[in-house]
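The primary structure of each chain is shown beneath.
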Amino acid sequence: MRIVFMGTPEFAVPSLEALVAAGHQIAAVVTQPDRPKGRKKVMTPPPVKEAAQARGFTVYQPEKLRGSSAVDELVKLAPDLIVTAAYGQILPKRVLDIPRLGCINVHGSLLPRYRGGAPIQRAIMNGEEVTGVTIMYMAEGLDTGDMISKVVVRIEEEDTAGSIFAKLSEAGAKLLLETLPALEEGTVTAEKQNDAEATYAANLTRADEQIDWRRSARQLFNQVRGLSPMAGAFTMLDGAPFKVWGCKPEAEVSAGKTPGTVLAADTDGIVVQTGEGALRLLVIQPAGKKAMAAAEWLKGARLAAGTQFGGEQS
């Protein structure tokens, strides 16, 4: 098939590569513009652009697809199908009407749950035990189109957002190739989403990253792994952000201790009182330093029992 591919992050790259490996013709690739990255704000191309340019594909990067001249170019290309995967914009009707077989999306959740821009992180942060990928028709709403196929992926105790991104990107690429023959043959039986069962996975904000020690140890464990290795969860120590990249819940508690109180700091990490149970911090990142094992940091830092984590960021 002649396909226009739309995607931006690393999650989308396996789907693009799977289409190429299966012999489909990539007429063009549409992705987000290059963005400044890191402390030095170096303009960095999205992973999909790098993958597309490595294969010599034409790449379009409109800031906004609606009203862009790139849409005129897509009309001229007359693709059979448009495939999107974490592209980052809702497709306007003019784009949806271009391909004869429609526009489909590789979405990182089991729809109708977790519509929106952060389905993987939100699923982990909410303590879900399973997630998956849904191949769906694109519609004018946010992830509201009819569902074509699904695959379920378990969220294991040791998983983080990073490992689930990798699992779902590979599972999505495989499911995409399994779904295309029925699309091409016109034998797809799509299922409408039940809007009453829908949940929304909003893009993450700074507030989502801050640790509230009044929550349970299990909830904070899920928060930390749902934010790793992307933004990371943080608390405050001596008025500066203190990131937590790895941790585990502990049953032990100390009666009467305020949530956020350090109960112990030793070779096994830092144990902190929460609203229910305790959390052992294993991988941390103090302000101005790189991520490291908590035990390693404690060799040169003093953190006495009774120290209080928390407070507002200044």
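Residues numbered from 1 in each chain as written. Predicted model: local features only at pLDDT ≥ 70, side-chain atom pairs only at ≥ 80, totals over all residues. Heavy atoms only, no water.

Quick word on the overall build of the protein chain
When helices and strands are tallied, the protein chain shows 9 helices and 15 strands. Dimensions of the protein chain, computed from the C-alpha atoms along their principal axes, are close to 65 × 40 × 30 Å. Per-residue burial for the protein chain yields a buried fraction of 49% across its 314 residues. Within the protein chain, one finds 35 positive and 36 negative side-chain charges whose respective centroids are separated by 6 Å. (Helix = DSSP H or I, 4+ residues; strand = E, 2+ residues; numbered from the N terminus. Buried < 20%, exposed > 50% of the residue type's maximum accessible area, 1.4 Å probe, protein only. Lys, Arg positive; Asp, Glu negative; His and termini not counted. Charge placed at Lys NZ, Arg CZ, Asp CG, Glu CD.)

A look at a nonpolar patch on the surface
Taken together, the side chains of Ile90, Leu142 and Tyr200 define a hydrophobic patch exposed on the protein surface, amounting to about 290 Å² of accessible area. On the secondary structure map, Leu142 appears in the loop between β8 (130-137) and β9 (147-154). Taking the relative accessible area as the measure of exposure, Leu142 reaches 34% and is therefore partly exposed. (Patch = residues over 30% accessible without salt bridge, like charges linked within 9 Å, V, L, I, M, F, W, Y side chains within 5 Å. Areas by Shrake-Rupley, 256 points an atom, 1.4 Å probe, with all protein chains shown as cover. Salt bridge = Lys/Arg side-chain N within 4 Å of Asp/Glu carboxyl O.)

Details of helix α8 (residues 217-226)
With 8 of its 10 residues buried, α8 lies for the most part within the structure. Looking only at α8, the buried set comprises Ala217, Leu220, Phe221, Asn222, Gln223, Val224, Arg225 and Gly226. Close packing links the buried residues of α8 with α5 (119-125), α6 (161-185), α7 (206-209), β10 (233-237), β11 (240-250) and β14 (278-285). (Contact = heavy atoms within 4.5 Å.)

Notes on the environment of Ile26
One can find Ile26 in strand β2 (residues 25-30). Here Ile26 falls in the buried class, since its relative accessible area comes to 9%. A sequence separation of 72 residues divides Ile26 from Ile98, and the C-alpha atoms of the two residues are 15 Å apart. Among residues more than four places away in sequence, those in contact with Ile26 are Ile3, Leu16, Leu19, Val20 and Phe57.

Section: the sheet that holds β8
One open sheet accounts for 7 strands, arranged β5-β2-β1-β6-β7-β8-β9; its pairing is mixed. Looking at strand neighbours, the two that pair on one side only are β5 (59-60) and β9, the edges of this open sheet. In the sheet, strand β6 (residues 81-85) pairs with strand β7 (residues 103-107) via 3 bridges, with the strands oriented parallel. What sits directly across from Val83, in β7, is Ile104. Where α6 meets the sheet, its contacts fall on β6, β7, β8 and β9, and the angle it forms with β9 comes to roughly 150°. (Pairing = 2+ DSSP bridges. Axes fitted to C-alpha atoms, helices over the stretch in contact; angles between N-to-C directions.)

Focus: the nonpolar core
Residues Phe5, Leu16, Leu81, Val83 and Ile104 are the most contacted members of the largest nonpolar core, which totals 38 residues. With 8 residues, α6 is the largest single contributor of residues to this core. If we ignore the near neighbours within four places in the chain, the residues touching Leu81 are Met1, Arg2, Ile3, Val4, Pro99, Leu101, Gly102, Ile104, Leu180 and Leu183. Counting residues in each nonpolar core, the second largest holds 25 residues, with Trp213, Cys247, Leu281 and Trp297 among its members. (Core = buried A, V, L, I, M, F, W, Y, C linked by side-chain atoms within 4.5 Å.)

Quick notes on the pattern of salt bridges
Counted according to the given criterion, the structure contains 19 salt bridges. Linking Glu63 and Arg35 is a salt bridge whose minimum nitrogen-to-oxygen distance equals 3.1 Å. Placement of the pair is Glu63 in the loop between β5 and α3 (69-77) and Arg35 in strand β3 (residues 35-37), with a sequence separation of 28 residues. Since its relative accessible area comes to 47%, Glu63 is described here as partly exposed. Between Lys299 and Glu296 there is a salt bridge, and its shortest N-O distance comes to 3.2 Å. Classification of Lys299 as exposed rests on a relative accessible area of 67%. For Glu296, a relative accessible area of 45% corresponds to the partly exposed category. Several salt bridges converge on common partners, so that one network encompasses Glu250, Asp266 and Arg280.

Topic: the pairing of strand β1 (residues 2-7)
The buried count for β1 comes to 5 of 6 residues, which makes it a mostly enclosed element. Pairing analysis gives 5 bridges linking β1 to β2, with the strands arranged parallel. Across the sheet, Arg2 pairs through a bridge with Gln25, a residue of β2. For the handedness criterion, the β-α-β arrangement of β1, helix α1 (residues 13-21) and β2 is classed as right-handed. Here β1 runs beside β6; their pairing, made up of 5 bridges, is parallel. Bridge pairing links Val4 to Ile82 in β6. (Right-handed = clockwise from strand over helix to strand, strands pointing away.)

Here's the deal with the environment of Asp143
Within the fold, Asp143 resides in the loop between β8 and β9. For Asp143, a relative accessible area of 10% gives the class buried. Apart from the residues within four sequence positions on either side, Asp143 is in contact with Asn105, His107, Leu111, Arg115, Gly116, Met136 and Gln193.

A short note on the side chain of Ser149
Within the secondary structure, Ser149 sits in strand β9. In this structure the side chain of Ser149 is engaged in a polar contact, spanning 2.8 Å, whose partner is the side chain of Thr179. In contact with Ser149, not counting residues within four places along its chain, are Val133, Thr134, Ile135, Leu175 and Thr179. (Polar contact = N/O pair within 3.5 Å; in protein donor to acceptor, adjacent residues only side chain to side chain.)

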